[in-house]
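Here is how the chains run, residue by residue.
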Amino acid sequence: MGRYFKSLRRFWGTALATQLEYQVNVLIELVAVGLSLLGSLFMLSLFFGPGRELGGWSWSEALIVQGFYTVLDGMASTWLRPNLSSIVTHVREGTLDFILLKPIDSQFWLSLRTFSPAGLPEIGLGLMLVAWGGHQAGAPLSPLGIVIVLVMLLVGGLILYSLWFLIAATSIWFVKTWNATEVLRAVLASGRYPVTAYPAPLRMLFTLVIPVAFLTTVPAEVVLGRANAPMLFLGIGLAAGFFAAARSFWWFALRYYTSASS
Amino acid sequence: MRIFGLNRKILRVLLGTEYAHMLEYRAEIALWALSGVLPFIMLSLWNGSDARSALGMDGVALDRYFLSAYLVRQFSVVWMVYDFEDDALTGRLSPYLLQPLHPLWRYVARHLGEQLTRVPFAAAIAAVFFLIQPEAFWLPSIGRFLLAWLATWMAFTIAFLLQSLIAALCFWSERASALERLLFIPFLFLSGLLAPLTAFPPLVRTLAEWTPFPYLIDFPARVLAEQPVNLLAGFAIQLIWILVLLPLVLLLWRAGVRRYSAMGA
Amino acid sequence: MRRRHRDVSAVRDVSFTIAPGEMVGFLGANGAGKTTTLKMLCGLIYPSSGRVVIAGYQPQQRHPDFLRRITLVMGQKQQLLWDLPPMDSLRVNAAVYGISDRDANRRIAELSDLLELGEELTRPVRKLSLGQRMKAELLAALLHQPEVLFLDEPTLGLDVNAQAKVRQFLADYNRRTGATVLLTSHYMADITALCPRVLLIHQGHLFHDGPLDRLASRLAPERHVRLELDEPVVAEAFAGLGRLDSLHDREVNLRVKPQELTAVVAQLLDRFAVRDLEVNDPPIDQLIGDLFRQGRL
């Protein structure tokens, strides 16, 4: 275990060094994050006005959803995108071989090899937005509540990671269809708004098939103190299920990779 | 007649090879087409929202607007900066610069070839849309359709020129494509892809109309969806943007090439 | 005493055993599956049937203890991070292999000394020359002191100087550490300089297993003798003196069996007025190339 922690420290140390090679990009990323949040808030504001709600959510409540979306989007740019997009490169260039020959779990390596600090401000901004929205909506604040929020954030992160990893792992077979992660990202954008704002069929889709609801709406409900226990357990169950699926799918993919001569 | 090295024969050959090339990437392009579902997600939100009445589109008009927005986007999306950056980094660009054909034409041809490959996927998505919302079905008149086509191509031209500006910056700094992100964000929120411009507060709307973005999606989509729209003003402004951007791109490009060859890269 | 042996059924009925500390060259035509065999030996590809045992492990299980004992270097692929100095990648590898900082520093110092790498280790990889990059790759691959080295075209694309240096390093490394080395290369010089033993897989079978010169005498059982005479001679004069290849005026080419060579040369010098005499072996890579092209002897 100690070896894994030490590896992780080295991974991120080198990642930081790489990023500093391109400082301008970090600056651009910061501006982009600010602009993007501004645009999202503007778009959200269009749905509101005096006496208007979105799917039963008030403006400040919807801000919490938007805040969680921002947090997860930041998580995607600090962690998921830089790591998982390199899987296809490793497959195409054959450097996956080097990783498979390291005495360390290959999924660990591929999922945590690097991180991009440019997404961190986005996570901070998202959390601030959650706090602000919660404050405005008069959300009850309790230590237990905060713990549950963190757990649900973890659940959301795990679901997001597993979905993304599942799709990225298909690049073992289809190098060209890596674009499928773009489809996933497009669908995830629906998480900017409370899931109740969508028509019933989409609500089902976003709860059970691509559980966007557990990424943003459910954590927001927890903040507002109106989440129900079954929904929380369903979320935890889904996260565990998706993670197990991602893990076994990776093993399956590797068995294919190592049985084909390449 | 040759326009920056392009004549009919070269055009035919370029388009033919690029189309064949893009056909190789069918699966990728299908997924790209699918990843453009954002307008439909926004449509379902607007349909169920209290704010719908403020849009000034009743009944099926909103359905048609967002479907049109999707289609316009499919046939005006530009990605040349990524291809260009790749070509510049891998050194494929140098031989292009030596040929008696302006390199930008190659990228134009790639996009047109790709658009052709997208037709069946976009049609399939439109068909699915009409299956779910049969009452939204409409066939624009031939005249309208041609106008919408023209507006979409003008939109494509503006988007292409904007991205060429950024691509030209690659001559000065590697990875200038990061700047593309800064261009994409205002496009996303101001073009009408997420909400028709009529939803904007008057001040924002006026400001947005001073940018090229509404003419990339909102205007062509309204033409296609047969919404009331000032055709003459729309086309005139599209043309003005092209006339403003074109010389800028050519100047910057020429300066960039000079720098590129001076560095002996 | 460590006991280590490998049995491989790589292609079809190919079995061999390699003792610890041996340096073995792997020959085969392009696409004959040299790389595939190498990958099979290090556990990247499952054999569809047959058995591979390396140092007591089954490679395809990729057991961490097994992985710590081997390394793979591929000439056309690199594991070092492009944008960072090799040192960063070395630190990552040290952590992954669970090497303490002190040990890692010591080994880096030792190996960079052998490889003649200095400040290159702190320059971004993209700014290194191909030769420097390959040496840094070797350093990264050897940091964990593997006992078995799999090298796939380790000198590919390097200039003659850099090739020689890599070769010299590998020979030194093998001598110092007693590591087992299995090597494929396009450059016959790599094999002749490094590998006392050569495996040649041809058409799915183990065609040759032994020293390179034995392979040469198998492929070309006759030696070439070239004569330049003072005066023209008729062809019949060479009866009983090997096989006459060609005769142009005063220039004669003969093929002679090795065991008859001394006798034939003595008779030639005795019978004719010889201005010049040369005994040649066809170059080994040409012989092997002929074998691959013709598909048989």
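Since the structure is predicted, the reported quantities are computational estimates derived from the model, not experimental observations.

1. Examining the overall build of chain A
Thinking step 1. Helices and strands together make up the secondary structure of chain A, namely 11 helices and 0 strands.
Thinking step 2. The secondary structure elements of chain A, listed N-terminal to C-terminal, are α-α-α-α-α-α-α-α-α-α-α.
Thinking step 3. In terms of overall dimensions, chain A is globule-like: its C-alpha atoms have a radius of gyration of 19 Å, near the 18 Å expected for 262 residues.
Thinking step 4. Projected onto its principal axes, the C-alpha coordinates of chain A cover approximately 65 × 40 × 35 Å.
Thinking step 5. Looking at chain A as a whole, 54% of its 262 residues qualify as buried.
Thinking step 6. Here chain A displays about 10,700 Å² of accessible surface, and carbon together with sulfur accounts for 72% of that area.
Thinking step 7. Separation of charge centres in chain A, based on 16 positive and 11 negative side chains, amounts to 7 Å.

2. Remarks on the nonpolar core
Thinking step 1. Met43 and Tyr193 of chain A, Met42 and Trp46 of chain B together with Phe150 of chain C are the most contacted members of the largest nonpolar core, which totals 192 residues.
Thinking step 2. With residues up to four places along the chain from it excluded, the contact list for Phe150 of chain C reads Leu38, Leu41, Cys42, Ile54, Ile70, Thr71, Leu72, Val73 and Leu182 of chain C.

3. Overview of the interface of chain A and chain B
Thinking step 1. Opposite the 32 residues of chain A that make contact, chain B presents 32 residues.
Thinking step 2. At the boundary of chain A with chain B, the tally comes to 1 salt bridge.
Thinking step 3. Across the salt bridge formed by Arg181 of chain B and Glu29 of chain A, the nearest N and O atoms sit 3.0 Å from each other.
Thinking step 4. Counting across the chain A and chain B interface gives 2 residue pairs in polar contact (both at pLDDT 80 or more).
Thinking step 5. When residues of the side of chain A that touches chain B are traced back to their parent elements, those giving at least two are α2 (23-46) and α8 (180-188) of chain A.
Thinking step 6. Ranked by residue count, the leading element in the side of chain A that touches chain B is α2 of chain A, at 12 residues.
Thinking step 7. Here the side of chain A that touches chain B is built from residues that sort into 20 nonpolar, 7 polar and 5 charged.

4. Remarks on the confidence of the model for chain B
Thinking step 1. Residue-level pLDDT values for chain B average 89, and 97% of them are 70 or greater.
Thinking step 2. Confidence, read as mean pLDDT per element, is least for helix α2 (residues 26-34) of chain B in chain B (82) and greatest for helix α11 (residues 218-224) of chain B (96).

5. Description of the sheet that holds strand β9 (residues 251-256) of chain C
In sheet architecture, strand pairing relies on hydrogen bonds along the backbone and comes in two forms, parallel and antiparallel.
Residues and elements named next belong to chain C.
Thinking step 1. The strand order across the open sheet formed by 4 strands is β8-β9-β7-β10, and the pairing between neighbours is antiparallel. Among the strands making up the open sheet, the edge pair consists of β8 (243-248) and β10 (274-280). On average, each strand axis in the sheet is inclined to that of its neighbour by 15°, with strand direction left out of account.
Thinking step 2. The sheet contact formed by strand β7 (residues 223-229) and β10 spans 6 bridges and is antiparallel. Paired with His224 across the strands is Asn280, a residue of β10.
Thinking step 3. Taken strand by strand, helix α9 (residues 261-271) contacts β7, β9 and β10, and its axis lies near 165° from that of β10.

6. Considerations on the state of the cysteines
Residue and element names in this part refer to chain C.
Thinking step 1. All chains considered together, the criterion is met by 0 disulfides over all chains.
Thinking step 2. As a non-bridged cysteine, Cys42 has Cys195 as the owner of its nearest cysteine sulfur, 17 Å distant.
Thinking step 3. A relative accessible area of 5% places Cys195 in the buried class.

7. A short note on α9 of chain C
In an α-helix there are 3.6 residues to a turn, and that puts residues three or four apart on one side.
Residue and element names in this part refer to chain C.
Thinking step 1. For α9, every residue scored as buried is listed here: Leu261, Val264, Val265 and Leu268. The buried residues of α9 occupy an angular sector of 100° when the element is viewed end-on, so they sit on one face. Facing away from the buried surface of α9 by more than 90 degrees, the exposed residues are Thr262 and Asp270.

Criteria and cut-off values
Residues numbered from 1 in each chain as written. Chains lettered and ligands numbered in written order. Predicted model: local features only at pLDDT ≥ 70, side-chain atom pairs only at ≥ 80, totals over all residues. Heavy atoms only, no water. Helix = DSSP H or I, 4+ residues; strand = E, 2+ residues; numbered from the N terminus. Rg over C-alpha atoms; globule rule 2.2 N^0.38 Å. Buried < 20%, exposed > 50% of the residue type's maximum accessible area, 1.4 Å probe, protein only. Areas by Shrake-Rupley, 256 points an atom, 1.4 Å probe, with all protein chains shown as cover. Lys, Arg positive; Asp, Glu negative; His and termini not counted. Charge placed at Lys NZ, Arg CZ, Asp CG, Glu CD. Core = buried A, V, L, I, M, F, W, Y, C linked by side-chain atoms within 4.5 Å. Contact = heavy atoms within 4.5 Å. Salt bridge = Lys/Arg side-chain N within 4 Å of Asp/Glu carboxyl O. Polar contact = N/O pair within 3.5 Å; in protein donor to acceptor, adjacent residues only side chain to side chain. Nonpolar A, V, L, I, M, F, W, Y, C, P; charged D, E, K, R; others polar. pLDDT = per-residue confidence, 0-100. Pairing = 2+ DSSP bridges. Axes fitted to C-alpha atoms, helices over the stretch in contact; angles between N-to-C directions. Disulfide = S-S within 2.5 Å. Arc of directions from axis to C-beta.

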